[in-house]
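Breakdown of the fold
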Amino acid sequence: MIVVLKNNVSPEEENAVVEEIKKLGYRPHVMHGVARTVIGAIGDEHSHRDLDVLNAWTQVESVTPIQKRHKLVSREAHPQNSTVNAGGVIVGGKKIQVMAGPCSVESEEQLMKTAHAVKAAGASMLRGGAFKPRTSPYEFQGLGEEGLKLLAKAREETGLPIVTELLSQDQAELVAEYSDMLQIGTRNAQNFQLIIAAAKTGKPVLLKRGMSMRIMEWLLAGEYVLANRNPNLLFCERGIRTFEDYTRNTLDLSAVAVVKAESHCPIVVDPSQGCGKASLVRSMCKGAVAVGADALLVEVHPNPTEAISDAAQQIDLEGFAALIDELAPIAESVGREI
Ligand code: PEP
Ligand code: MN
């Protein structure tokens, strides 16, 4: 159910409603919007007492059922866009944020060189994998904690907040300690226990779309983050499996428009995993900005042909700088900046 409070309700009056919702057997999620405060009351409406009693309270404007299955993630519960703060970088506002860096953290030299170059070109966050979910067990699995330490060092040197992936629940605290945003990869997009563990760290969670996931399943996977009291969720479209094999995946830009319409949470587009080809990254970034992405996640490597993972899709440092320059007028044309 959605409980909408009247304008100018005091914190004490708000708290009284929250306590009543708990007494009736529901979990309250308070969302302070610009215009009004909305409380999502989550629970089984058949087995708990009726929230309609709140209609009689003077500080309550309305009590209505949430129709959507993706309750807290939906615009029904929270009509305005949400913003997520990752180490001081705001995603979901006017500025389109760019998260850039190598697929894998390979060495100090590779990471520092990339971090300084992407920062100079205008990136706002540094991405890099320390724990890599490789298809084959014989491929490079990442530097692990050593990679996290290098990412933290790069943040110290450049000021860029870090986004990096975790693969298992027992890595959640460790990865959260070193980073500013936790990435849940496509292969774990419905690993609900992992999503819950990431949510419970309190850090922003970037939830990639599962490669065979329907949009509704993705929204519901995101619901696990908000339902576990972490409002800092970002969706990330990274391509899905289709019959087309010219590209590694099919980047579904229509999903960006759908998620924007259905949800208040920011959406990120990753054209690197999306296409698997460096030559397509530029045009797909342009499309993503035009269609309403709040951020881009781009793989950048100082020497892509020698990258240990995802060599074909990483762009080089010069290519990245040129890309940012090219995106500026497109961002401006849709009322954004980059
Ligand atoms: C990555 O970002 O390098 C990655 C492995 O992403 P995905 O989970 O989308 O394949
Ligand atoms: Mn990659």
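Preceding block: the structure.
The structure displayed is predicted, hence computed values, not measured ones.

In contact at an axis separation of 11 Å, helix H6 (residues 215-227) and helix H7 (residues 253-262) are set at 50 degrees when each is read in the N-to-C sense. On the basis of the axis angle, H6 is oblique to H7. Here H6 and H7 pass one another in a crossing that is right-handed. Two secondary-structure elements touch here, H6 through Ile 215, Trp 218 and Leu 219 and H7 through Ala 255, Val 258, Val 259 and Glu 262. Across the contact of H6 with H7, the residue classes break down as six nonpolar, no polar and one charged.

The next subject is the packing of helix H5 (residues 192-200) against H6. Packed helix pairs are characterised by how far apart their axes lie and by the angle those axes make with each other. The N-to-C vectors of H5 and H6 enclose an angle of 40 degrees; their axes lie 8 Å apart at closest approach. For H5 against H6, the interelement crossing comes out right-handed. Contact residues: H5 offers Phe 192, Ile 195, Ile 196 and Ala 199, while H6 offers Ala 221, Tyr 224 and Val 225. For the contact of H5 with H6, the per-class residue count stands at seven nonpolar, no polar and no charged.

This part covers the coordination of the manganese ion (ligand 2). Tetrahedral coordination by four donors puts the ideal angle at the metal at 109.5 degrees, and octahedral coordination by six puts it at 90 or 180 degrees. In the first shell of the manganese ion (ligand 2), the protein supplies Cys 103 (SG), Glu 299 (OE) and Asp 310 (OD), at 2.1 to 2.4 Å from the metal. On the basis of relative accessibility, which here comes to 2%, the residue Cys 103 falls in the buried class.

Looking now at empty space enclosed by the protein. To locate leftover empty space, one rolls a probe as large as a water molecule over the atoms. Tallying each qualifying case throughout the model produces two cavities of 30 Å³ or more. In this structure, the largest cavity encloses a volume near 40 Å³. Taken together, Arg 127, Gly 128, Gly 129, Lys 132, Val 163, Thr 164, Glu 165 and Gln 183 make up the full set of residues lining the largest cavity. For the lining of the largest cavity, the leading source of residues is strand S9 (residues 162-165), giving three residues. The class makeup of the residues in the lining of the largest cavity is one nonpolar, four polar and three charged. When its volume is computed, the second largest cavity comes out at roughly 30 Å³. Met 31, Gly 33, Arg 36, Val 38, Ala 77, His 78, Pro 79 and Gln 80 together form the lining of the second largest cavity. Among the residues making up the lining of the second largest cavity, the classes are represented as four nonpolar, three polar and one charged.

Rules and cut-offs
- Residues numbered from 1 in each chain as written.
- Chains lettered and ligands numbered in written order.
- Predicted model: local features only at pLDDT ≥ 70, side-chain atom pairs only at ≥ 80, totals over all residues.
- Heavy atoms only, no water.
- Axes fitted to C-alpha atoms, helices over the stretch in contact; angles between N-to-C directions.
- Helix = DSSP H or I, 4+ residues; strand = E, 2+ residues; numbered from the N terminus.
- Parallel < 35°, antiparallel > 145°, perpendicular 65-115°, else oblique.
- Left-handed = near helix turned anticlockwise from the far one by under 90°.
- Contact = heavy atoms within 4.5 Å.
- Nonpolar A, V, L, I, M, F, W, Y, C, P; charged D, E, K, R; others polar.
- Donors = N, O, S within 2.8 Å, 3.2 Å for Na, K, Ca; no water.
- Buried < 20%, exposed > 50% of the residue type's maximum accessible area, 1.4 Å probe, protein only.
- 1 Å grid on protein atoms, 1.4 Å probe; cavity = no way out; pocket = protein on both sides within 12 Å on 5 of 7 lines; lining within 4 Å.
- Points joined across faces, edges and corners; volume = space filled by probe spheres on them.

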